[in-house]
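Okay, here's what each chain looks like letter by letter:
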Amino acid sequence: FPKTGAAPVALFISEEKEISMGVSAFRQVLRGSPLSDDSEINDMVHRVGRRIADAARKPEYRWEFAVIQDDRTVNAFALPGGKVAVYTGILKYTQTETGLATVIGHEVAHALQRHGAERMSRGILEQIAQVGAMAGAASGAIDPGMMQGLQSAYGVGVSLPFNRKQESEADFVGLRLMAQAGYDPREAVPFWERMSGCPRQFIGKLCFRSQAIIPEFLSTHPSDITRINQIEAWLPDAMRFYRPSDIPVAPPPPPRPLHRPRIGPMPETG
């Protein structure tokens, strides 16, 4: 998938090194996380993930998918090397396989476009790792500080927000991915509406999330209404790639209740 918008950032981390760090970081995360034993949820995540992976056309990635049992964490991530994890907390918002495809497509797009490496290359790495890690990168070793930096850069744990260009690029590429995987990209709009916690007619007017409870998955710059408007503008492009799959879509797990939205004036977003 080509880069969109401004010229890409010069990267000092090779893709090979990034993939190696991604695999190591994924193993580290899974060792310290409770994994879901719900076969229905695991089957759904693997099914959707494999279809998105096929659309990504990245054969050098050895795709793996995991479900982390944590209902309080509304998040998902995709690390270089095709390592994808979904927290159970986001499933109350995805609700369907197509909603889940929106999330996985968005996260896989971040990895395909190397957004984490861009952020590290802009100077974030210097703040989270010692100078020795730079020498390790050059020598081929994987420094623990650098690996932790990669995790943060791709939204694992305490997420460093992607910038507006990167978020928009992930939305745009993610729509194409889900369309090519046979999922209706038009369903991305209701997913982001659910994530906003507001009825569509009130987004940006009377309904807002408290900044203190914004999920990691939404710790980004675009406002809800800006993101939804952009996605709607890109839908004609995404629909060119949409071919409904003949693979049956299984019923989703029972939905979990959404948090009630707070009512009040919409705060400014950066």
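The structure we're discussing is the one just above.
Cut-offs and rules
Residues numbered from 1 in each chain as written. Predicted model: local features only at pLDDT ≥ 70, side-chain atom pairs only at ≥ 80, totals over all residues. Heavy atoms only, no water. Helix = DSSP H or I, 4+ residues; strand = E, 2+ residues; numbered from the N terminus. Buried < 20%, exposed > 50% of the residue type's maximum accessible area, 1.4 Å probe, protein only. Contact = heavy atoms within 4.5 Å. Areas by Shrake-Rupley, 256 points an atom, 1.4 Å probe, with all protein chains shown as cover. Phe/Tyr/Trp six-rings, centres within 6.5 Å; stacked < 30°, edge-to-face > 60°. Lys NZ or Arg CZ within 6 Å of the ring centre and 35° of its normal. Patch = residues over 30% accessible without salt bridge, like charges linked within 9 Å, V, L, I, M, F, W, Y side chains within 5 Å. Salt bridge = Lys/Arg side-chain N within 4 Å of Asp/Glu carboxyl O. Lys, Arg positive; Asp, Glu negative; His and termini not counted. Charge placed at Lys NZ, Arg CZ, Asp CG, Glu CD. Core = buried A, V, L, I, M, F, W, Y, C linked by side-chain atoms within 4.5 Å. Pairing = 2+ DSSP bridges. Axes fitted to C-alpha atoms, helices over the stretch in contact; angles between N-to-C directions.

Turning our attention to the overall build of the protein chain. The number of helices and strands found in the protein chain is 10 helices and five strands. The burial tally for the protein chain puts 53% of its 270 residues in the buried class. Here the analysis covers contacts within the protein chain between residues at least 6 apart in sequence; of these, 76% occur between residues at least 24 apart. For the protein chain, the accessible area works out to roughly 12400 Å², and carbon and sulfur atoms hold 55% of it.

Bringing the packing of aromatic side chains into the picture now. Under the defined criterion, the tally for this structure stands at six aromatic pairs. Taken together, Phe-26, Phe-77 and Tyr-87 form an aromatic cluster joined through their ring pairs. The ring of Tyr-183 carries Arg-51 above its face, with NZ or CZ at 4.0 Å from the centroid. Positioned over the ring face of Trp-192 is Arg-227, at 4.1 Å from the centre of the ring.

A grouping of Asp-37, Asp-38, Glu-40 and Asp-43 is seen on the molecular surface, where their side chains present a negatively charged patch. Topologically, Asp-38 is positioned in the loop between helix H1 (15-31) and helix H2 (39-56).

Moving on, we get to the nonpolar core. Of all hydrophobic cores here, the largest spans 46 residues; its most connected members are Val-48, Ile-52, Trp-63, Val-86, Leu-100, Val-108 and Leu-177. Discounting residues that sit within four places of it in the chain, Leu-100 has contacts with Met-44, Val-45, Val-48, Val-86, Leu-91 and Thr-94. Ala-25, Phe-26, Val-29 and Leu-79 belong to the second largest nonpolar core, which has 10 residues in total.

This brings us to the sheet that holds strand E2 (residues 76-79). One open sheet accounts for three strands, arranged E1-E3-E2; its pairing is mixed. Only two strands of the sheet have a single partner each, and these edge strands are strand E1 (64-68) and E2. Ignoring strand direction, the axes of neighbouring strands in this sheet form an average angle of 15°. With five bridges joining them, E1 and strand E3 (residues 83-87) adopt parallel strand pairing. By the bridge assignment for E3, Glu-64 is matched with Lys-83. On top of the sheet, helix H4 (residues 97-112) reaches E2 and E3; it is set at about 35° to E2, its chief contact.

Turning our eyes to something else, we now look at the pattern of salt bridges. Tallied over the full model, the rule gives 12 salt bridges. Between Glu-64 and Arg-27 there is a salt bridge, with the nearest N and O atoms lying 2.6 Å from each other. One end of the pair, Glu-64, is in strand E1; the other, Arg-27, is in helix H1, with 37 residues separating them in the sequence. Taking the relative accessible area as the measure of exposure, Glu-64 reaches 27% and is therefore partly exposed. We note a salt bridge from Glu-60 to Lys-58, for which the minimum N-O separation is 3.3 Å. What makes Glu-60 partly exposed here is its relative accessible area of 47%. Under the relative-accessibility criterion, Lys-58 is labelled buried at 17%.

Bear in mind that shape data such as this cannot, by itself, settle questions of function.
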